[in-house]
Amino acid sequence: MSTQDDHQHKTTVVNIPEAVGVFDNLEDLQSTFYDLRMVGFSRYDISLLGNEEVLKEKLGQSYWRSEELEDDPRAPRAAFVSEEAIGELEGAIAGGFFFLGSYIAMAAMLTPAATLAASIAAIAIGGSPAAVIGTLLARRVGQQHKDYYTNQINHGGILLWVRVKDKEREELAVKIMKGHSGRDVHVHDWSN
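What counts as what
Residues numbered from 1 in each chain as written. Predicted model: local features only at pLDDT ≥ 70, side-chain atom pairs only at ≥ 80, totals over all residues. Heavy atoms only, no water. Pairing = 2+ DSSP bridges. Helix = DSSP H or I, 4+ residues; strand = E, 2+ residues; numbered from the N terminus. Buried < 20%, exposed > 50% of the residue type's maximum accessible area, 1.4 Å probe, protein only. Contact = heavy atoms within 4.5 Å. Core = buried A, V, L, I, M, F, W, Y, C linked by side-chain atoms within 4.5 Å. Salt bridge = Lys/Arg side-chain N within 4 Å of Asp/Glu carboxyl O. Phe/Tyr/Trp six-rings, centres within 6.5 Å; stacked < 30°, edge-to-face > 60°. Lys NZ or Arg CZ within 6 Å of the ring centre and 35° of its normal. pLDDT = per-residue confidence, 0-100.

Undergrad: I'd like a description of the sheet that holds strand β4 (residues 46–49), backed by residues and values.
TA: Spatial strand order, β5-β4-β6-β3-β7: five strands in an open sheet with antiparallel pairing. Strands with a single pairing partner mark the edges of an open sheet, and in this sheet they are β5 (77–78) and β7 (183–188). In terms of strand pairing, strand β3 (residues 18–23) meets β7 through four bridges, oriented antiparallel. Paired with Ala-19 across the strands is Val-187, a residue of β7.

Right, here's the structure in full:
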C-alpha cells in the first residue's frame, strides 16, 4: 500500500491489480456487471467513476475525459447501481408518499362517527397529493441516475474498475469487459 500526496487530498492505493475499461452505453456496462457478478466477483470489487461534483471537488477540474482518469488513482469511485435498483427506489418513494398521505387521512377519520365512504374519500384525498409528490421525487432520482451516465458518456465513456486478485481473475475480467464492448481494457497493478 502506498500514499500519494496531493496539495489538498491524500490518495491511498492498494497493491492489488485492477482491470479497467471504458463503456459507451449503459446496456453494455450492466451486462458486464452482471457477468462479473455471475462468475464470482464481489460487488465491492467493482466500481465506477464518482459523480461530477465529487470529481470536481477532488481533482478541481471542470472538464475531464475518461481516458485521462482510467489510470489516475485520485479519480473518485462510486458503487454500481443497476437500472432495476433505481426502479425499485422510484417505486418505494412514490408508494411511501401515497401510504403516508393515506395513513394520515385514515387516522384522522378513525372516529366512531366516520362512515366507510367518508374514510375511503379521506384516504383518496390524502393519498393522491402525496402520491403525486412521491412520483415527482421518484422521477427526479431516476433522472439524476440517467444524467450521471450521460455525463460520463459525453466525457468519453463510462469508466469501470474491477479488482482482481490473481492472473486468472485478471484474464477473466478482461475477457468479460472486452466481450461487452469495453474499450481500452487493461490491467494496472494497483487499486483504489
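What follows continues from the structure just given.
Undergrad: Now, about unusual backbone geometry: what can you tell me, with residues and values included?
TA: Even without being glycine, Ser-181 reaches a positive phi, approximately 70°. Summarising the element assignment, Ser-181 is placed in the loop between α6 (167–179) and β7. A relative accessible area of 45% places Ser-181 in the partly exposed class. We note that Asp-184 has phi near 50°; this positive angle belongs to a residue other than glycine. Within the secondary structure, Asp-184 is located in strand β7.

Undergrad: How would you explain the side chain of Asn-151 if you had to name every residue and give the values?
TA: Assignment of secondary structure puts Asn-151 in helix α5 (residues 116–154). When residues no more than four places from it in sequence are discounted, the contact partners of Asn-151 are Glu-52 and Trp-64.

Undergrad: Which residues make up the pairing of β4, and what values go with them?
TA: Looking at chain direction, β4 and strand β6 (residues 158–163) are connected through three bridges and run antiparallel. Along β6, the bridge assignment pairs Ile-46 with Val-162. Bridge count for β4 against β5 is two bridges, and the pairing is antiparallel. Pairing of Leu-49 across the sheet is with Arg-77, part of β5.

Undergrad: Can you tell me about the nonpolar core, naming the residues and giving the values?
TA: Judged by nonpolar contacts, the single largest core of 21 residues is most densely connected at Leu-29, Leu-36, Leu-48, Tyr-149, Leu-160 and Val-162. Excluding anything up to four places from it in sequence, Leu-29 contacts Phe-23, Leu-48, Phe-80, Tyr-149, Ile-158 and Leu-160. Formed by 10 residues, the second largest nonpolar core is a distinct cluster that contains Val-20, Leu-55, Trp-64 and Leu-159.

Undergrad: Explain the pattern of salt bridges residue by residue, including any values.
TA: Taken as a whole, this structure holds six salt bridges when the rule is applied. Glu-18 serves as the salt-bridge partner of Arg-77, at 2.9 Å between the closest nitrogen and oxygen. Of this pair, Arg-77 sits in strand β5 while Glu-18 sits in strand β3; the two residues are 59 residues apart in sequence, bridging distant segments of the chain. A salt bridge links Arg-74 to Asp-72; the nearest nitrogen and oxygen atoms lie 3.0 Å apart.

Undergrad: Please provide a residue-by-residue account of the packing of aromatic side chains, values included.
TA: In this structure the tally under the stated criterion is two aromatic pairs. A ring pair is formed by Tyr-148 and Tyr-149, whose centres lie 4.9 Å apart and whose planes are at 75°; its orientation type is edge-to-face. A relative accessible area of 4% means that Tyr-149 is categorised as buried. The aromatic ring of Trp-161 is capped on one face by Arg-77, whose charged end is 3.7 Å from the ring centroid. The ring of Phe-41 is capped by Arg-169, whose NZ or CZ atom sits 4.1 Å from the centre of that ring.

Undergrad: Lay out the confidence of the model for the protein chain in plain terms, naming residues and giving numbers.
TA: Of the residues in the protein chain, 59% have a pLDDT of 70 or more, and the chain-wide mean is 77. The least confident element of the protein chain is strand β1 (residues 2–5), whose mean pLDDT is 49; the most confident is α6, at 97.

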